[in-house]
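An overview of the molecular structure
Now for the letters of each chain:
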Amino acid sequence: MYDFLYDLPHTHFAINALCFSEDGRVLASGDDEGYVRLFDFPLGKELRRLRVVTAVTSLLWHPNKPDVIFIGGARGNVIVMNLHVKARGFSLRTGVNAPVDTLAYDACNGCLAVGVGTDIVLFNHPEDPWTFGSNLPPPPIASMDDNKLLLPLPRALKFIDNGRSLIAVYFEHGIVSWLIKSLQPEWTIWPKSTRIGGACFSADGKTVVVSNLFDGFDCYNISNGRHLTNLPTPIIHNVPLPSLFIEGGKSILCGSSCGYALLYSGSTKSVLQTHPLEHDIIQTLAYCESEARFIATASSEADLDNYVRIWRASASERQVTNVTASQKITDSSRSRWSIGIYVMLIFLVVVFVWVGCSGINVAQTGVERKLLEGLQFSHHLASRAFEALVPSSIFAWRWVKTMFSSLASTMGFHGFNMAWNLGRQDLEEQQELVKDEKHADKRQRNNTQAIEMSAEATSGGSVFYSVSGAQANENEDQHHEGVGPVFCKKLAI
């Protein structure tokens with residue numbers, strides 16, 4: 001659901017086009033007066049106002065350059081405007097004196113398609129400058145009405161297959177897919193209704209929604225041409241109505257001629273919400289999704305105070321969206337930790353299985369001494385690393401050994417017990433060796449101290465208490481074994 005947010009400044013001229021920039025920070029509107037107004041979004045402050053020679057009939061932002069906008073005029077010209085350049089931009093002339101009703105840009109090949117009058121003109125822009133490409137031929141099987149040839153008026157354009165094809169929706173000539181290289185039609189979908197007022201495509205290019213100028217909108221599957229459903233809309237004035245896929249294709253927003261913008265669910269095709277707009281004709285829509293989801297609707301009733309109305313997703317939906325985003329972040333962080341733990345466990349299992357199998361082979365053959373030496377060396381390194389990481393290494397070794405010994409007995413790998421026993425014995429031997437080295441260092445210090453004190457006593461002739469080196473070592477051993485305190489004897493010089 002969407003809530004009304006605010007209205008942008010009014011104008012006395014019909015608003016024909018609305019378009020959000022790719023980053024959702026700028027909203028552009030074009031009217032019959034020839035003004036393109038740029039609004040800071042979502043604040044709604046007017047940033048800049050551009051004036052072109054004729055009425056503005058269509059707008060399109062460049063998909064790769066957020067500062068470049070294409071402005072379609074009522075006399076067949078397309079103005080390419082760079083907002084960060086002081087120059088007024090330059091004009092692409094189609095050679096047709098008719099309104100530019102629709103624009104499409106292929107970001108893969110740098111091709112601009114312009115639907116103007118009865119023609120579709122292609123401009124190539126692999127690099128500056130722009131060059132005129134070609135005109136698409138008239139669509140096939142032009143129908144006849146009262147012996148009059150119906151003019152093929154393009155209403156919507158869409159590039160698909162990385163710019164290989166262009167889908168064109170015509171007023172009375174159906175939906176045609178054109179091959180860009182050969183300029184030949186691939187297929188044609190003839191809708192149920194005779195005429196099409198406007199159309200929009202899903203982001204994946206698989207579904208098209210057309211205004212049938214009779215009872216609302218029709219949805220078609222582009223791949224097979226099958227009619228999917230009808231979206232009924234009250235018709236008061238027989239004018240082309242806009243439609244737009246929003247929320248990632250989950251919903252469809254439709255304009256009307258009775259002052260309502262209708263929001264349909266993409267899955268159930270039921271009306272989710274109606275937006276009252278004071279009985280005005282809604283002929284242009286826009287949608288963006290950045291920090292929140294926004295809808296822009298504009299009125300186009302001539303000689304009245306027209307406006308652009310902004311709608312925002314309701315607080316409950318924004319809260320659900322934020323919770324979902326935070327859950328995704330939390331789940332992603334948890335998944336990263338889980339992946340790390342799983343990788344570590346798999347590595348340990350592989351190592352211990354290899355050690356167990358190596359122990360079995362050693363126990364069975366009894367002759368592979370090199371393998372046994374390598375096994376002992378690896379456990380020696382592991383014990384040293386474990387001793388450096390864990391202060392109480394003996395306890396940790398016993399706990400891990402007990403756990404994996406039970407696992408080994410369960411799985412039948414007797415090599416586990418041998419491997420862990422080797423590691424524990426090696427660790428205990430190393431600790432005993434460190435203790436012996438400490439005792440030897442202390443005995444040497446006691447001997448050195450006794451010699452220095454004897455030399456001082458001989459030179460000074462004083463009486464003091466001291467101990468000999470051997471006695472000190474003996475007392476040290478006794479004190480270490482818990483026998484009792486250290487006694488010293490009186491030396492008289």
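This section reports on the structure supplied with the text.

1. Some details on the environment of phenylalanine 123
Along the chain, the position of phenylalanine 123 falls in strand β12 (residues 119–124). Classification of phenylalanine 123 as buried rests on a relative accessible area of 4%. For the pair formed by phenylalanine 123 and serine 134, sequence separation is 11 residues and the distance between their alpha carbons is 7.3 Å. If sequence neighbours within four positions are ignored, phenylalanine 123 has contacts with Leu92, Arg93, Thr94, Gly110, Cys111, Leu112, Val114, Trp130, Thr131, Phe132 and Gly133.

2. Considering the pattern of salt bridges
The tally for this structure, following the rule as stated, stands at eight salt bridges. Across the salt bridge formed by arginine 37 and aspartate 31, the nearest N and O atoms sit 2.7 Å from each other. You'll find arginine 37 and aspartate 31 in the same group, each marked buried. The closest approach of N and O atoms between arginine 155 and aspartate 101, which form a salt bridge, is 3.6 Å. Residue arginine 155 is located in strand β16 (residues 154–160), and its partner aspartate 101 is located in strand β10 (residues 100–106); the two are separated by 54 residues in the primary sequence. By relative accessible area, aspartate 101 is classed as partly exposed at 32%. Each of Asp161, Arg164 and Glu186 takes part in a single network of salt bridges with overlapping partners.

3. Focus on the sheet that holds strand β18 (residues 175–179)
Sheets are built from strands paired through backbone hydrogen bonds, the pairs being either parallel or antiparallel. Strand order in the open sheet made by the four strands is β16-β17-β18-β19, with antiparallel pairing throughout. In this open sheet, the two strands that pair with only one neighbour each are β16 and β19 (185–189). When strand polarity is set aside, the average angle formed by the axes of neighbouring strands in this sheet is 20°. In the sheet, strand β17 (residues 165–170) pairs with β18 via five bridges, with the strands oriented antiparallel. Paired with alanine 168 across the bridge in β18 is valine 176.

4. Considering unusual backbone geometry
A cis amide bond, omega 10°, links phenylalanine 41 with the succeeding residue proline 42. In this model, asparagine 162 sits at a positive phi of 55°, which is unusual for a non-glycine residue. By the element assignment, asparagine 162 lies in the loop between β16 and β17. For asparagine 162, a relative accessible area of 63% gives the class exposed.

5. A short note on the pairing of strand β28 (residues 282–289)
In terms of burial, β28 is a largely internal element, six of the eight residues being buried. Where β28 meets strand β29 (residues 293–299), seven bridges bridge the pair, whose relative direction is antiparallel. Residue cysteine 288 lies in a different strand from β29, and its bridge partner there is phenylalanine 294. Linking β28 back to β29 in an antiparallel pair, the connection comprises three residues.

6. With respect to empty space enclosed by the protein
In this approach a probe as big as a water molecule rolls over the atoms, and the regions it shows empty are the leftover space. Per the stated rule, a full pass over the model turns up one cavity of 30 Å³ or more. If you add up the space inside the largest cavity, you get close to 60 Å³. In this structure, the largest cavity is lined by Pro9, His10, Thr11, Ile15, Ser29, Asp31, Arg37, Phe39 and Val308. Of all the secondary-structure elements, those providing two or more residues to the lining of the largest cavity are β1 (2–11), β3 (26–31) and β4 (35–40). Of all the elements, β1 adds the most residues to the lining of the largest cavity, at three residues. Looking at the lining of the largest cavity, its residues break down into four nonpolar, three polar and two charged.

Rules and cut-offs
Each chain carries its own residue numbering, running from 1 in the direction its sequence is written. Only residues with pLDDT of at least 70 are given local features in this predicted model, and only at 80 or more are side-chain atom pairs given and counted; all residues enter the totals for whole chains, interfaces and linings. With hydrogens and water stripped out, all remaining heavy atoms of the structure feed into the side-chain values. In this text, helices come from DSSP runs of H or I with a minimum length of four residues, and strands from runs of E with a minimum of two, each type numbered from the N-terminal end. For the exposure calls, accessible area comes from a 1.4 Å probe over protein chains only, and a residue counts as buried if that area is under 20% of its type's maximum, exposed if over 50%, partly exposed in between. We call two residues in contact whenever any of their non-hydrogen atoms come within 4.5 Å of each other. Salt bridge, as applied in this entry: a Lys or Arg side-chain nitrogen positioned within 4 Å of an Asp or Glu carboxyl oxygen. When DSSP locates at least two bridges between a pair of strands, those strands are taken to pair. Angular values range over 0 to 180 degrees, each being the angle between N-to-C directions of two axes fitted as lines to C-alpha atoms, with helices fitted over their stretch in contact. Site definitions follow a grid-based scheme: protein atoms alone, a 1 Å grid, a 1.4 Å probe that fits but cannot get out for cavities, and for pockets an open set with protein on both sides within 12 Å along at least five of seven lines, plus lining residues having an atom within 4 Å of a point. Grid points are joined across faces, edges and corners, and a volume is the space filled by probe spheres set on the points. In the scheme used here, Gly and all other residues not listed as nonpolar or charged are polar, with Ala, Val, Leu, Ile, Met, Phe, Trp, Tyr, Cys and Pro taken as nonpolar and Asp, Glu, Lys and Arg as charged.

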